[in-house]
Amino acid sequence: MSSQDIITIEDDFTLLRFQNDSDEVYCTQREVKSGLIQFHFGLKGKAKFLFNQGSYALDLKEEKSLLLYNPQKELPLNLEIAPNSWVISVIISIQKFHNLFSSEANYITFLSEDNRDKKYYKEGDISPSMAIVLTQLFHYNLHPSIKNLYYKGKGYELLSLYFNRTEDPNAEQCPFLIDEENVLKIKKAKELVLANIAEPPSLQELADEVGLTLKKLKMGFKQIYGDTVYGFLFDYKMDSARKLLDSGSYNVNEVGLKIGYSTGSHFIAAFKKKFGTTPKKYLMSINPNT
């Protein structure tokens, strides 16, 4: 499955979320007028930006960022996203951007008097703290009514972390997360849980497997994925169940067994808790003839 989510945070401040979970390259195009700064973040997999009808390309690799700005000409978004790849883009006007840093603009290189009217390109690394925010943009568990507010906050947080000159800002509140090795351990814990969706390990087994204390596993998982381990797993299982039902290849009992529910009533109760309807009624809603 491939999807794109375009969130207008404010005038001239847009956040784009691209998620390609398919086995094919996903292509998307979007007009971007001159005077807008583009920040692109490769959270997972890889992507490619094409310019001048494909005669020039820039690669966006996993855990890398790209900053693009050209005041002289438009830089339309022509993006090829590889299979199993996720990208977050932030597009903001130079005027709004200036206002964000008006009192401290001197240290933002391309805002200097000499550079502000020149084209600008920069590739950089995604820090662990930025990776947390980016991941939260894909895994948020909030009411739809506050979605825009959530994205707005995360958009500003992402820009502030991008230009942060000091040590990682998560150091005080969550010291172990500044260690990239521990961030990778949390990611490994998520992969282990999803690989054993039907019979997930206990939290202690998971902590032992990835080499973290139970406390660090719980705290780190919540920081990166915005939910507890089992809360994240529950949402993933229910989303998987919905997709299996959508496929039309399985009945309700088969779907329940596939995602680890040995009792049909437990699966039905869990599905109703997540989606507010039973699996059978959901099937009827998407295919009234069944």
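Before reading further, recall that the structure is shown in the block above.
All values derive from a computational prediction rather than experimental measurement.

Trainee: Got a minute to help me understand the packing of helix α2 (residues 128–138) against helix α3 (residues 147–162) in this structure?
Mentor: Geometry of a packed helix pair, given as the angle between the helix axes and the separation of the axes. Taken N-terminus to C-terminus, the directions of α2 and α3 make an angle of 160°; their axes are 10 Å apart at the nearest point. In this view, α2 runs roughly antiparallel relative to α3, as classed from their interaxial angle. Taken as a pair, α2 and α3 cross one another with a handedness that is left-handed. Facing α2, whose interface residues are Ser-129, Met-130, Val-133, Leu-134, Gln-136 and Leu-137, α3 presents Tyr-150, Tyr-151, Lys-154, Glu-157, Leu-158, Leu-161 and Tyr-162. When grouped by side-chain class, the residues that make up the contact of α2 with α3 number nine nonpolar, two polar and two charged.

Trainee: Explain the pairing of strand β8 (residues 77–81) here, please?
Mentor: The side chains of a regular strand alternate, first on one face of the sheet and then on the other. Within β8, four of the five residues are buried, which leaves it mostly tucked inside the rest of the structure. Taken together, the five bridges between strand β3 (residues 26–30) and β8 define a ladder with antiparallel strand orientation. Paired with Cys-27 across the two strands is Glu-80, which belongs to β8. Bridge analysis of strand β5 (residues 47–51) against β8 gives three bridges, and the strand direction is antiparallel.

Trainee: Would you explain the packing of α2 against helix α6 (residues 214–225) in this entry?
Mentor: Two elements in contact, α2 and α6, have axes whose closest approach is 6 Å; the angle formed by their N-to-C orientations is 65°. In terms of axis orientation, α2 runs roughly perpendicular to α6. On the side of α2, the interface is formed by Ile-132, Thr-135 and Gln-136, while α6 contributes Lys-222, Gln-223, Ile-224 and Tyr-225. When the residues that make up the contact of α2 with α6 are grouped by side-chain class, the tally is three nonpolar, three polar and one charged.

Conventions adopted
Residues numbered from 1 in each chain as written. Predicted model: local features only at pLDDT ≥ 70, side-chain atom pairs only at ≥ 80, totals over all residues. Heavy atoms only, no water. Axes fitted to C-alpha atoms, helices over the stretch in contact; angles between N-to-C directions. Helix = DSSP H or I, 4+ residues; strand = E, 2+ residues; numbered from the N terminus. Parallel < 35°, antiparallel > 145°, perpendicular 65-115°, else oblique. Left-handed = near helix turned anticlockwise from the far one by under 90°. Contact = heavy atoms within 4.5 Å. Nonpolar A, V, L, I, M, F, W, Y, C, P; charged D, E, K, R; others polar. Buried < 20%, exposed > 50% of the residue type's maximum accessible area, 1.4 Å probe, protein only. Pairing = 2+ DSSP bridges.

In short, the description is geometric, and any link to function would need to be established separately.
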